[in-house]
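Here's the letter readout for the chains.
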Amino acid sequence: TEVKLARNFSEFGNSPQTFQKIASESRFTHTLEKSEFESLLRVSEQMTADSNAKRLPAFIRHISIFPPIIMYWSETGVRIWHDMAKDSIVFWDATGSVISPRKDRPRFYYYELACLNPTKDQNIIPVTSLLSTLHSTPMIRFWISEFRRAEKTIFGHGNIAIPKQVNSDRSLVFIQAALSEFN
């Protein structure tokens, strides 16, 4: 009766064995190293070794402990940005609901910069993302300036894309960062 009141009509995950498995998995670490930071560094190093990109190997670009920051993009994303941003609309947004919040930790924000898909009725194309506990103009500027520095690495300093239009949700941090980075 309690399971039905909790709206679990399939009775999935309702057995003592399920709870025993959850308890045993919580004691087993799936990390590569002792800390999450060291594990991320190891994953980043492995991605760099496995990458076949010519100019910008790997995917994870920046990892920081305090404040917690992870920036990532690929060479393909930089090339898509360079080809599409100067003649199209770009979008960026932040959400705090992608990563489940915990009461004992600060809220994480997921940021994404994307280009308009040239194919009608198709989703936008994400080119870079950021995870951070900060929602500030300096953080957004740092992220975008690092992404644009990667573009300069491939295409040169005088040949970077400046978007025709940047769409956001009228967040002040995005407006200020766009004005300072793209003007």
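Just so it is clear, the model here is predicted, and its values are computed rather than measured.

Visitor: Explanation requested: the overall build of the protein in the structure shown.
Guide: A tally of regular secondary structure across the protein gives six helices and six strands. Scanning the protein from its N terminus toward the C terminus, one meets helices and strands in the order α-α-α-β-β-α-β-β-β-α-β-α. For the protein, with 183 residues in total, the buried portion stands at 31%. Intrachain contacts of the protein at a sequence separation of at least 6 include 56% that bridge at least 24 residues.

Visitor: Looking at this structure, how should I read the nonpolar core?
Guide: Note on soluble globular proteins: their nonpolar side chains tend to be buried together. Core analysis: the biggest nonpolar cluster contains 29 residues, and Trp 81, Trp 92, Leu 113, Ile 140 and Trp 143 have the highest contact counts within it. Secondary structure elements with two or more residues in this core: strand E2 (69-73), helix H4 (75-84), strand E3 (89-95), strand E4 (109-115), strand E5 (125-132), helix H5 (137-155) and helix H6 (172-182). Looking at this core element by element, the count peaks at seven residues for H5. Setting aside chain neighbours within four positions, we find Trp 143 in contact with Met 71, Trp 73, Trp 92, Tyr 111, Glu 112, Leu 113, Thr 128, Ser 129 and Leu 130.

Visitor: Is there a simple way to think about H6 in this case?
Guide: The α-helix winds at 3.6 residues per turn, so residues separated by three or four positions along the chain end up facing the same way. When we look at burial in H6, the residues that qualify are Val 173, Phe 174, Ala 177, Ala 178, Glu 181 and Phe 182. Along the axis of H6, the buried positions cluster into a sector of 125°, meaning they face one direction only. Those residues of H6 that are buried lie in contact with H4, E3, E4, H5 and strand E6 (165-167).

Visitor: Could you clarify how one ought to interpret the packing of H5 against H6 in this entry?
Guide: Two measures define how a pair of helices packs: the angle their axes make with one another and the distance between the axes. Relative orientation of the contacting elements H5 and H6 amounts to 40°, with a least axis distance of 9 Å. Comparing their axes, H6 and H5 come out oblique. The crossing of H5 and H6 is right-handed. Contacts between H5 and H6 involve Thr 137, Ile 140, Arg 141, Ile 144, Ser 145 and Arg 148 from the former and Leu 172, Val 173, Phe 174, Gln 176, Ala 177, Ser 180, Glu 181 and Phe 182 from the latter. Its residues assigned to classes, the contact of H5 with H6 comprises seven nonpolar, four polar and three charged.

Visitor: What is the right way to read the pattern of salt bridges from this model?
Guide: Pairing is possible between side chains that carry opposite charge, provided their charged atoms lie close to one another. Inspection of the entire model under this criterion finds four salt bridges. Between Glu 146 and Arg 149 there is a salt bridge; the shortest N-O distance is 2.7 Å. Of this pair, Glu 146 and Arg 149 both sit in helix H5, separated by three residues, roughly a single helical turn. A relative accessible area of 48% means that Arg 149 is categorised as partly exposed. Glu 181 is the partner of Arg 148 in a salt bridge, and the nearest nitrogen-oxygen pair spans 3.9 Å. Pair noted here: Arg 148 is in helix H5 and Glu 181 is in helix H6, with a separation of 33 residues, a long-range link. Note on accessibility: Arg 148 and Glu 181 belong to one class, buried. Overlapping salt bridges, with partners in common, bring together Arg 141, Arg 148 and Glu 181 in one network.

Visitor: Sorry, what's going on with unusual backbone geometry here?
Guide: Excluding glycine, residues mostly have negative phi values, and the peptide bonds linking residues are mostly trans. Positioned with a positive phi, Asp 121 is a non-glycine residue whose angle comes to about 65°. Mapped onto the elements, Asp 121 comes out in the loop between E4 and E5. With a relative accessible area of 72%, Asp 121 lands in the exposed category. Positioned with a positive phi, Arg 170 is a non-glycine residue whose angle comes to about 65°. Tracing the chain through its elements places Arg 170 in the loop between E6 and H6.

Visitor: Which parts of the structure should I look at to understand the side chain of Ser 88?
Guide: With respect to the element layout, Ser 88 can be found in the loop between H4 and E3. Not counting the four nearest positions on each side in its chain, Ser 88 is found in contact with Leu 116, Lys 164 and Gln 165.

Visitor: Mind showing me how you'd approach the pairing of E2 here?
Guide: Where a strand is regular, its side chains alternate between the two sheet faces. Along E2, five of the five residues are buried, which leaves the element largely enclosed by surrounding structure. Alternating positions in E2 separate into two faces, Ile 69, Met 71 and Trp 73 on one and Ile 70 and Tyr 72 on the other, with burial throughout. Across five bridges, E2 lies against E5 in antiparallel orientation. Counted as the bridge partner of Trp 73 is Thr 128 from E5.

What counts and what doesn't
Residues numbered from 1 in each chain as written. Predicted model: local features only at pLDDT ≥ 70, side-chain atom pairs only at ≥ 80, totals over all residues. Heavy atoms only, no water. Helix = DSSP H or I, 4+ residues; strand = E, 2+ residues; numbered from the N terminus. Buried < 20%, exposed > 50% of the residue type's maximum accessible area, 1.4 Å probe, protein only. Contact = heavy atoms within 4.5 Å. Core = buried A, V, L, I, M, F, W, Y, C linked by side-chain atoms within 4.5 Å. Arc of directions from axis to C-beta. Axes fitted to C-alpha atoms, helices over the stretch in contact; angles between N-to-C directions. Parallel < 35°, antiparallel > 145°, perpendicular 65-115°, else oblique. Left-handed = near helix turned anticlockwise from the far one by under 90°. Nonpolar A, V, L, I, M, F, W, Y, C, P; charged D, E, K, R; others polar. Salt bridge = Lys/Arg side-chain N within 4 Å of Asp/Glu carboxyl O. Pairing = 2+ DSSP bridges.

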